Amino acid sequence: LNTYSVSATWTDPNTNIKYQSLVGFNWSFGKKPDIDVITVYPTIDMILNTTDHNAYIKGYPDGTVSPDGRITRAEVATILYRLMKDQVKARFDSKPTVNFSDVSSGAWYYDAVQMCAKAGIVAGYPGGSFKPDQAVTRAEFFKMVAMLYSDTLNTPITGGIFKDINGHWAEKYINLLQKLGIVKGDNGSARPNDNLTRGETAAVMNRILGRVVNNSSFSDAKVAAAMKTWPDCTSSHWAYAEIQEATNSHDYERKADTVHETWTGLQPAGNWAQYQ
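For clarity, every value in this text was computed on a predicted model and none was experimentally measured.

Asks: In this structure, what is going on with helix 4 (residues 138–146)? I would like to understand it.
Replies: Along an α-helix, a turn takes 3.6 residues, which lines up residues three or four apart on a common side. Along helix 4, eight of the nine residues are buried, which leaves the element largely enclosed by surrounding structure. Along helix 4, the residues classified as buried are Arg138, Ala139, Glu140, Phe141, Phe142, Met144, Val145 and Ala146. Packing partners of the buried residues in helix 4 comprise helix 1 (73–83), helix 5 (171–179) and helix 6 (198–209).

Asks: Before we go on, may I ask you to explain the pattern of salt bridges in this structure?
Replies: Charged atoms that come close allow side chains of opposite charge to pair. Summed over all chains, the structure comprises seven salt bridges. A salt bridge links Glu75 to Arg198; the nearest nitrogen and oxygen atoms lie 3.8 Å apart. Of this pair, Glu75 sits in helix 1 while Arg198 sits in helix 6, and the two are 123 residues apart along the sequence. A single burial state applies to Glu75 and to Arg198, both of which are buried. The shortest N-O distance in the salt bridge between Arg211 and Glu245 comes to 2.7 Å. One end of the pair, Arg211, is in the loop between helix 6 and helix 7 (221–226); the other, Glu245, is in helix 8 (residues 240–247), with 34 residues separating them in the sequence. In this structure Glu245 comes out as buried when scored by relative accessible area, which is 0%. A network of salt bridges, in which partner residues are shared, links Arg138, Asp186, Arg191, Asp194 and Glu200.

Asks: Quick question: what am I supposed to make of the packing of aromatic side chains here?
Replies: By convention here, two paired aromatic rings are described through the distance between centres and the angle between planes. Overall, the coordinates contain six aromatic pairs when judged by the stated rule. A ring pair is formed by Trp10 and Tyr19, whose centres lie 5.3 Å apart and whose planes are at 45 degrees; its orientation type is tilted. Looking at Trp10, the relative accessible area reads 42%, which means it is partly exposed. You can call Tyr19 buried: its relative accessible area is 9%. Relative to Trp263, the ring of Phe218 lies with its centre 4.6 Å away and its plane at 75 degrees, an arrangement referred to as edge-to-face. Of this pair, Phe218 sits in the loop between helix 6 and helix 7 while Trp263 sits in strand 7 (residues 262–266), and the two are 45 residues apart along the sequence. Neither residue differs from the other here; Phe218 and Trp263 are each classed as buried. Taken together, the ring pairs connect Phe218, Tyr240 and Trp263 into an aromatic cluster. Just above the ring of Tyr125 sits the side chain of Lys131; from NZ or CZ to the centre is 4.3 Å.

Asks: Before we go on, may I ask you to explain the environment of Asp102 in this structure?
Replies: Within the secondary structure, Asp102 sits in the loop between helix 2 (86–93) and helix 3 (110–118). Residues Asp102 and Ser129, spaced 27 residues apart in sequence, show a C-alpha to C-alpha distance of 5.6 Å. Once residues within four sequence positions are removed from consideration, Asp102 is found in contact with Tyr109, Ser129, Phe130, Lys131 and Pro132. Polar side-chain contacts of Asp102 include one of 2.7 Å to the backbone nitrogen of Phe130.

Conventions used here
- Residues numbered from 1 in each chain as written.
- Predicted model: local features only at pLDDT ≥ 70, side-chain atom pairs only at ≥ 80, totals over all residues.
- Heavy atoms only, no water.
- Buried < 20%, exposed > 50% of the residue type's maximum accessible area, 1.4 Å probe, protein only.
- Helix = DSSP H or I, 4+ residues; strand = E, 2+ residues; numbered from the N terminus.
- Contact = heavy atoms within 4.5 Å.
- Salt bridge = Lys/Arg side-chain N within 4 Å of Asp/Glu carboxyl O.
- Phe/Tyr/Trp six-rings, centres within 6.5 Å; stacked < 30°, edge-to-face > 60°.
- Lys NZ or Arg CZ within 6 Å of the ring centre and 35° of its normal.
- Polar contact = N/O pair within 3.5 Å; in protein donor to acceptor, adjacent residues only side chain to side chain.

Structure follows, in structure tokens:
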């Protein structure tokens, strides 16, 4: 007569990609859930923290979050760094320093770039630079994300649906992410050479983390009153729910008969010195 947790794991026999159900599913006696089918999501080898729903994007000093604005290579590295588990950071921290000609030890993004480079998630350019302030293209970001699944990158992925990546240097990375349900594209196109926006970054990262969110997640009046909001990303913006998920640390729960989470409370924001 208590609350039970429900979980499932599965391995795709064609690609050997491992999947698992989201954490936080529960159901209570007296409310019958439909557990004939449990949705599972690709695992990421425990590199990122998928359990705690901590904020990983912070706005700018003027109070905006710029969901349609570009995002830089340093900002993406910082997001991935914030989401890494502490034990993963400790494991990679012992590796040799990766030297980039344009990343000084005093830069706000130095630790993030170093950790991501040591983990093999990001790489520099042939001349030895990293170009931290350069806008990230969708293809560049998709490669970084695909490196989280590096153990599956050598698995042949067939049946690609995107028409604009044939022969593109990022084709195998994008096809993998499409297979995993992380990249959905736009009317059959992946737009690999377009600059990535901050809203698109949040949407992709939430899929990776299994943070399935919609506006109903904020229905609790106390939660709605306490959460951080943004004047340039209101509820009418397509990325509103994604940005709220990415910018508010919160507690949550999921019922067994839905994949969407419900926020149950807010947590203090991370102590970050740099706005991004």
